[in-house]
Amino acid sequence: MVDVLVLHGPNLNLLGQRETTLYGHTTLNDINASLAILAEKSSLQLESLQSNWEGALIDRIHLARTDGTRFIIINAGALTHTSIGIRDALLAAEKPFIEVHLSNVYARESFRHHSYLADKAVAVISGLGAAGYRAALEYAIAQLNL
């Protein structure tokens, strides 16, 4: 059983290496390790998946419908602005989710200002860097422990 599923989209495997002035030096492994510690302290099962392939993310979201997943945290990366498929998968999964972005997407190119996920998300966290993931998980933990 997975209490919280954390999904990372395209290019997030390069965190800490690419565009460090924008995304910083924290790696995806650093983020996942920090989240795992927080989840363990809260006695929750956490799973993280990164994929550069939209279909792999959609397949994992579909699995969340029946594997006990209770909450999803997703940074779909560029797919946020292009993927109706991810939106539809999240709707089909019928799980609450938070959309996370490391950078402030509204301070960037105009094409990044639209999200196919935001209107269905519990919340959108944008611009807090790696701390945004932690904030999302803290919220999920509070909701799941109600």
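Owing to the predicted nature of the structure, the values given are computational and were not obtained by experimental measurement. (Residues numbered from 1 in each chain as written. Predicted model: local features only at pLDDT ≥ 70, side-chain atom pairs only at ≥ 80, totals over all residues. Heavy atoms only, no water.)

Novice: Please explain the overall build of the chain as it appears in this structure.
Specialist: Scanning the chain from N- to C-terminus turns up 5 helices and 5 strands. Shown N-terminal to C-terminal, the secondary structure of the chain runs as helices and strands in the order β-α-α-β-α-β-α-β-β-α. Against the compact-globule benchmark of 15 Å for 146 residues, the chain has a radius of gyration of 14 Å, which places it among compact chains. By principal-axis analysis of the C-alpha atoms, the chain measures approximately 35 × 30 × 25 Å. Looking at the 146 residues of the chain, the share that counts as buried comes to 45%. Partitioning the contacts of the chain with sequence separation of at least 6, the portion at a separation of at least 24 is 76%. Counting only carbon and sulfur atoms, one obtains 51% of the accessible surface of the chain, whose full area is about 7100 Å². Charged side chains of the chain number 11 positive and 14 negative; the gap between the two group centres comes to 3 Å. (Helix = DSSP H or I, 4+ residues; strand = E, 2+ residues; numbered from the N terminus. Rg over C-alpha atoms; globule rule 2.2 N^0.38 Å. Buried < 20%, exposed > 50% of the residue type's maximum accessible area, 1.4 Å probe, protein only. Contact = heavy atoms within 4.5 Å. Areas by Shrake-Rupley, 256 points an atom, 1.4 Å probe, with all protein chains shown as cover. Lys, Arg positive; Asp, Glu negative; His and termini not counted. Charge placed at Lys NZ, Arg CZ, Asp CG, Glu CD.)

Novice: Whenever I open this one, the pattern of salt bridges confuses me. Can you help?
Specialist: Two side chains carrying opposite charge are able to pair once their charged atoms lie near each other. Under the criterion given, the structure shown has 5 salt bridges. With its nearest N and O atoms 3.0 Å apart, the salt bridge here joins Asp 3 to Arg 70. Of the two residues, Asp 3 sits in the segment before β1 (4–8) while Arg 70 sits in the loop between α3 (54–64) and β3 (71–75), which places them 67 residues apart along the sequence. According to the relative accessible area criterion, Asp 3 is buried, its value standing at 5%. The partner of Arg 60 in a salt bridge is Glu 47, and the shortest N-O contact between them spans 2.9 Å. Highlighted residues: Arg 60 in helix α3 and Glu 47 in strand β2 (residues 46–50), separated in sequence by 13 residues. By relative accessible area, which is 7% here, Arg 60 ends up buried. For Glu 47, a relative accessible area of 26% gives the class partly exposed. A cluster of three or more residues bridged by salt bridges with shared partners is formed by Glu 47, Arg 60 and Asp 67. (Salt bridge = Lys/Arg side-chain N within 4 Å of Asp/Glu carboxyl O.)

Novice: For this particular structure, what's the right way to read the sheet that holds β3?
Specialist: Spatial ordering of the open sheet is given by β2-β1-β3-β4-β5, a layout of 5 strands whose pairing is parallel. Both outer strands of the open sheet, β2 and β5 (123–126), are each paired with one neighbouring strand and no more. Strand-to-strand twist of the sheet, defined as the mean angle between neighbouring strand axes without regard to direction, takes the value 15°. With 3 bridges connecting them, β3 and strand β4 (residues 97–101) associate as parallel partners. Looking at β4, one finds that Ile 73 is bridged to Ile 98. Most of the contacts of helix α2 (residues 28–41) go to β2, to which it runs at about 165°, and overall it touches β1 and β2. (Pairing = 2+ DSSP bridges. Axes fitted to C-alpha atoms, helices over the stretch in contact; angles between N-to-C directions.)

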